[in-house]
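Listed here are the chains, written in short residue letters.
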Amino acid sequence: DTGVSQDPRHKITKRGQNVTFRCDPISEHNRLYWYRQTLGQGPEFLTYFQNEAQLEKSRLLSDRFSAERPKGSFSTLEIQRTEQGDSAMYLCASGLAGTTDTQYFGPGTRLTVL
Amino acid sequence: AQTVTQSQPEMSVQEAETVTLSCTYDTSESNYYLFWYKQPPSRQMILVIRQEAYKQQNATENRFSVNFQKAAKSFSLKISDSQLGDTAMYFCAFMKRGGSNYKLTFGKGTLLTVNP
């Protein structure tokens, strides 16, 4: 069990550029979550997948954000036309339905938009 | 909608002593989980302890225990015999059971520093 992994760990981009982050959940986990954490705050929910289906999206997820989970395995989060306000830590978590409902977090991707 | 409040932005404790972190929450749900997560500096978030709302018995995990007061909607974390490695940001989180989403709602966190 290698845990949840995220790539890249750090991303610096210029305003207006597109960025994509990847999350690999724990192998048998069918639930996958994306959260955003800004400095001094707790993580905030962005979106949730069960298998390949995206079941919920937060109002925080503007039209510039899109997430996918093809084949119910890894997931990608894309931000188009980045803005300085998108600078944050993007956290991925996974869990297994029908068990303890506990979520296990990855190390996060820190995005800095210049 | 659920809200989670952590009223102590920062706390400090001497090594080997006991410290209690506070958390209150607001919900109209009756079936839910409460969690404490720990986020060490520049490291990933890890689960400390978990409580199911229907269980009256307080959860314990080694040096970590909770005081769950359902009627008061309070969920405090007690750390006994504090160690330097306990230095971290601690987040209280709520999860509704059932429905189509099991998202976590977090508080703003409490930064705990354990001093030698």
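The structure this text deals with has already been given above.
Model, not experiment: these values are computed from the prediction.

(A) Representation of the environment of Thr-102 of chain A within the structure. Looking at the element boundaries, Thr-102 of chain A is found in the loop between strand 9 (88-95) and strand 10 (104-105). Classification of Thr-102 of chain A as buried rests on a relative accessible area of 4%.

(B) Representation of the pairing of strand 6 (residues 46-52) of chain B in the model. Residue and element names in this part refer to chain B. By the bridge criterion, 6 bridges tie strand 5 (residues 32-39) to strand 6 in an arrangement that is antiparallel. Among the inter-strand pairings, Tyr-33 is bridged to a residue of strand 6, identified as Glu-52. Count of turn residues in the strand 5/strand 6 antiparallel hairpin: 6 residues, of which Ser-42 carries a positive phi of about 60°.

(C) Expanded view of unusual backbone geometry. Here the amide bond leading from Asp-7 of chain A into Pro-8 of chain A is cis, since omega sits at -5°, within 30 degrees of zero. Summarising the element assignment, Pro-8 of chain A is placed in the loop between strand 1 (5-7) and strand 2 (10-13).

(D) Structural context of the state of the cysteines. Overall, the coordinates contain 2 disulfides over all chains when judged by the stated rule. Cys-23 of chain A shares a disulfide with Cys-92 of chain A; S-S distance 1.9 Å. Between Cys-23 of chain A and Cys-92 of chain A, the S-S torsion sits near -65°, and that sign places the bridge as left-handed. With a gap of 69 residues between them, Cys-23 of chain A in strand 3 (residues 19-24) and Cys-92 of chain A in strand 9 connect regions that are remote in the sequence. One exposure class covers both Cys-23 of chain A and Cys-92 of chain A, and it is buried. Each sulfur in the disulfide pair Cys-23 of chain B and Cys-92 of chain B lies 2.0 Å from the other. Measuring handedness by torsion sign, the sulfur bridge of Cys-23 of chain B and Cys-92 of chain B sits at about -70° and is left-handed. With Cys-23 of chain B in the loop between strand 3 (19-21) and strand 4 (24-26) and Cys-92 of chain B in strand 10 (residues 88-96), the pair connects residues that are 69 residues apart, well separated along the chain. Across the pair, exposure class does not vary: Cys-23 of chain B and Cys-92 of chain B are buried alike.

(E) Structural context of the interface of chain B and chain A. Taken residue by residue, the interface counts 19 residues in chain B and 21 residues in chain A. Across the chain B/chain A interface, buried area totals approximately 1700 Å², and carbon plus sulfur atoms make up 50% of it. Where chain B packs against chain A, one counts 1 salt bridge. Linking Glu-56 of chain A and Lys-103 of chain B is a salt bridge whose minimum nitrogen-to-oxygen distance equals 3.6 Å. The interface formed by chain B and chain A contains 7 residue pairs in polar contact (both at pLDDT 80 or more). Here the side of chain B that touches chain A takes 4 residues from strand 5 of chain B, the largest share from any one element. Across the side of chain B that touches chain A, the residue classes break down as 10 nonpolar, 5 polar and 4 charged.

(F) The arrangement of the packing of aromatic side chains in detail. A complete count under the given rule lists 17 aromatic pairs over all chains for this structure. A ring pair is formed by Tyr-35 of chain A and Phe-45 of chain A, whose centres lie 6.1 Å apart and whose planes are at 75°; its orientation type is edge-to-face. With a gap of 10 residues between them, Tyr-35 of chain A in strand 4 (residues 31-37) and Phe-45 of chain A in strand 5 (residues 44-50) connect regions that are remote in the sequence. Of the two residues examined, Tyr-35 of chain A and Phe-45 of chain A, each falls in the buried class. Plain terms: the ring middles of Tyr-33 of chain B and Phe-35 of chain B are 5.8 Å apart, the flat faces sit at 45° to each other, and that makes the pair tilted. An aromatic cluster is built from Tyr-33, Tyr-35, Phe-45, Tyr-48 and Phe-105 of chain A together with Tyr-33, Phe-35, Tyr-37, Phe-91 and Phe-106 of chain B, whose rings are joined through pairwise contacts.

So, how was this worked out
- Residues numbered from 1 in each chain as written.
- Chains lettered and ligands numbered in written order.
- Predicted model: local features only at pLDDT ≥ 70, side-chain atom pairs only at ≥ 80, totals over all residues.
- Heavy atoms only, no water.
- Helix = DSSP H or I, 4+ residues; strand = E, 2+ residues; numbered from the N terminus.
- Buried < 20%, exposed > 50% of the residue type's maximum accessible area, 1.4 Å probe, protein only.
- Pairing = 2+ DSSP bridges.
- Disulfide = S-S within 2.5 Å.
- Contact = heavy atoms within 4.5 Å.
- Buried area = accessible area lost by both parts, 1.4 Å probe.
- Salt bridge = Lys/Arg side-chain N within 4 Å of Asp/Glu carboxyl O.
- Polar contact = N/O pair within 3.5 Å; in protein donor to acceptor, adjacent residues only side chain to side chain.
- Nonpolar A, V, L, I, M, F, W, Y, C, P; charged D, E, K, R; others polar.
- Phe/Tyr/Trp six-rings, centres within 6.5 Å; stacked < 30°, edge-to-face > 60°.

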